[in-house]
Amino acid sequence: MCWLGILAALCAVPLVLQRPARLLDAVDASVVADHGDAPHLLLHFSAGLLAIVVLLALGLVFLRHLQRLVRSVRDRQPFTRGNVTRLRRMAWLMLAMELLSILIGVYASWMGPQFAWMEIGGGMSITGLVAVLMLFVIAHVFAVGTAMREDLDGVV
């Protein structure tokens, strides 16, 4: 699904730049005036779309780490250094996605009501921030579990 969003956003930028009249006709003249002129509005619109592409790409990387984590757990090897690294990376990725989502929300609000659709994640999410903290805690638990497993393997 993220691939579809990335593809749609990447296709929208050239379409808007090729036919800017479509975007400019869809917004009030006051919005264009608020952003200086038409080229500046198009630049801001494109920057917003690229920020959304970055957010979706971070989501894809997060899902790839999650897939590898689930695969290793399925193979009955949950407590490995690789999983600790994956969980820490997932936590940092989730934090980056939350911060970028906040930034996109502020940017969309600044752009005006016609650009409210840019608010992919709806700004700051307490649930997302709790998920970040949980991922860091789980990474620490996995690090302790990995150390215990390595100690046990050394004894046997």
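Residues numbered from 1 in each chain as written. Predicted model: local features only at pLDDT ≥ 70, side-chain atom pairs only at ≥ 80, totals over all residues. Heavy atoms only, no water.

An unreviewed UniProt entry annotates the protein chain as DUF2975 domain-containing protein originating from Stenotrophomonas lacuserhaii.

A.B. asks: Honestly, helix 4 (residues 38-74) in this entry has me stumped. Any pointers?
C.D. replies: Taking 1.5 Å of rise per residue, the 37 residues of helix 4 would be expected to cover 54 Å, and the 54 Å separating its terminal C-alpha atoms lies within 8% of that figure. R76 lies just past helix 4 and shows a positive phi near 65°. (Helix = DSSP H or I, 4+ residues; strand = E, 2+ residues; numbered from the N terminus. Expected span 1.5 Å × (residues − 1).)

A.B. asks: Got a minute to help me understand a nonpolar patch on the surface in this structure?
C.D. replies: Taken together, I126, V130, M134 and I138 make up a surface patch of nonpolar side chains, about 360 Å² in accessible area. Turning to its location among the elements, I138 is positioned in helix 6 (residues 126-155). (Patch = residues over 30% accessible without salt bridge, like charges linked within 9 Å, V, L, I, M, F, W, Y side chains within 5 Å. Areas by Shrake-Rupley, 256 points an atom, 1.4 Å probe, with all protein chains shown as cover. Salt bridge = Lys/Arg side-chain N within 4 Å of Asp/Glu carboxyl O.)

A.B. asks: Would you explain the packing of helix 5 (residues 81-111) against helix 6 in this entry?
C.D. replies: In helix packing, the relevant descriptors are the interaxial angle and the interaxial distance, both defined with respect to the helix axes. Packing of helix 5 against helix 6 leaves a shortest axis separation of 8 Å and a crossing angle of 170°. Here helix 5 is positioned roughly antiparallel relative to helix 6, judged by the angle of their axes. Judged by residue contacts, R81, N83, V84, L87, R88, M90, A91, W92, M94, L95 and E98 of helix 5 engage G128, L129, A131, V132, L135, F136, I138, A139, F142, A143, T146 and E150 from helix 6. The class makeup of the residues in the contact of helix 5 with helix 6 is 16 nonpolar, 3 polar and 4 charged. (Axes fitted to C-alpha atoms, helices over the stretch in contact; angles between N-to-C directions. Parallel < 35°, antiparallel > 145°, perpendicular 65-115°, else oblique. Contact = heavy atoms within 4.5 Å. Nonpolar A, V, L, I, M, F, W, Y, C, P; charged D, E, K, R; others polar.)

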